[in-house]
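Structural description and commentary
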Amino acid sequence: MDNAEGKTPSFGERVRAFLDQSSSLNEVAHDPILTAELLLLVRMSFADKTVGAAEADAFAAICTRLLGLKGDELTDILKYLNDFGYETTDAQAADMLADLSEARKREILDHLATVAKADGEVDERERRLFEATARRLGFS
């Protein structure tokens, strides 16, 4: 992907171009707490190695109805998380949320549980991710 001068854009130029595309994406990119929650939700979606329609629908519903993101921008948000959040571990994402209020942390855990249960079965990998996140958020 070359720019008008024939040069490959820098990392900063790629980020700026990405952020200029949409308002929800801009919100995600400028809110590390929201980004951390979304990363955990995506990881929960993939924890059992398959993302079925029910899990995708649960993720989309949480993003749009509960987090206020625009549904037509979810593909771009997922691309952003993949491109710029891939090095963030589950532990790092959960640690970013540790200072939130207890009510907000419970809400995040509820979102994770909703995605885990969406396909009617909670896989052992989903359970481990949920329990590890709960511990990092101060719940035993």
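These notes cover the structure that comes with them. Computed from a predicted structure; not experimentally measured.

Two side chains that carry opposite charge are able to pair once their charged atoms sit near each other. One pass over the structure, following the stated rule, counts eight salt bridges. The salt bridge involving Asp90 is made with Arg43; its shortest N-O contact spans 2.9 Å. Residue Asp90 is located in helix α6 (residues 90-96), and its partner Arg43 is located in helix α3 (residues 32-46); the two are separated by 47 residues in the primary sequence. By relative accessible area, Asp90 is classed as partly exposed at 29%. Salt bridges sharing common partners tie together Glu37, Arg104 and Glu107.

This next bit is on the environment of Ala60. Of note, Ala60 is situated in helix α4 (residues 53-66). On the basis of relative accessible area, Ala60 is assigned to the partly exposed category, the value being 25%. Each C-alpha atom of the pair Ala60 and Lys70 lies 9.4 Å from the other, and the pair is ten residues apart in sequence.

Another aspect to go through is the packing of helix α7 (residues 102-117) against helix α8 (residues 124-136). Across the interface, α7 lies against α8 with an axial gap of 10 Å and an inter-helix angle of 180 degrees. Considering the angle they form, α7 stands roughly antiparallel to α8. On α8, the residues that touch Leu109, Leu112, Ala113 and Ala116 of α7 are Glu126, Phe130, Thr133 and Ala134. A class-by-class count of the residues in the contact of α7 with α8 yields six nonpolar, one polar and one charged.

What follows deals with helix α5 (residues 74-84). Within the sequence span of α5, burial applies to Leu74, Ile77, Tyr80 and Leu81. Each buried residue of α5 lies within a common arc of 115 degrees when the element is viewed along its axis, so the set occupies one face. Pointing more than 90 degrees away from the buried face of α5 are the exposed residues Thr75 and Asn82.

Glancing now at the nonpolar core. Ranked by internal contacts, the top residues of the largest apolar core, which has 32 residues, are Val28, Leu38, Leu41, Leu69, Ile77 and Leu81. Among the elements of the structure, α2 (23-29), α3, α4, α5, α6, α7 and α8 are those that each provide at least two residues to this core. Per element, the largest residue contribution to this core is eight residues, and it comes from α3. Apart from the residues lying within four places of it in its own chain, the contact partners of Ile77 are Ser24, Leu25, Val28, Leu38 and Leu69.

Basis of the calculations
- Sequence order as written defines the numbering, with residues in each chain counted from 1.
- In keeping with the predicted nature of the model, local features appear solely for residues at pLDDT of at least 70, side-chain atom pairs appear and are counted solely at 80 or more, and the whole-chain, interface and lining totals rest on all residues.
- Hydrogens and water molecules were not included; the side-chain quantities draw on all heavy atoms of the structure.
- In the sections that follow, a salt bridge refers to a side-chain nitrogen of Lys or Arg positioned within 4 Å of a carboxyl oxygen of Asp or Glu.
- In this text, helices come from DSSP runs of H or I with a minimum length of four residues, and strands from runs of E with a minimum of two, each type numbered from the N-terminal end.
- For each residue, the accessible area found with a 1.4 Å probe, counting protein chains only, is set against the maximum for its type, and the residue is called buried under 20%, exposed over 50%, and partly exposed in between.
- Throughout, an axis means a line fitted to C-alpha atoms (over the contacting stretch in the case of helices), and angles, computed between N-to-C directions, take values from 0 to 180 degrees.
- Relative orientations are named as follows: roughly parallel for angles under 35 degrees, roughly antiparallel for angles over 145 degrees, roughly perpendicular for angles from 65 to 115 degrees, and oblique for any other angle.
- Note on definitions: a residue-residue contact is assigned when non-hydrogen atoms from the two residues lie within 4.5 Å.
- Only Asp, Glu, Lys and Arg are considered charged, only Ala, Val, Leu, Ile, Met, Phe, Trp, Tyr, Cys and Pro nonpolar, and every remaining residue, Gly among them, polar.
- As used here, the arc is the angular range of directions from the helix axis to the C-beta atoms.
- Put simply, a nonpolar core is a bunch of buried Ala, Val, Leu, Ile, Met, Phe, Trp, Tyr and Cys residues held in one set by side-chain atoms that sit within 4.5 Å of each other.

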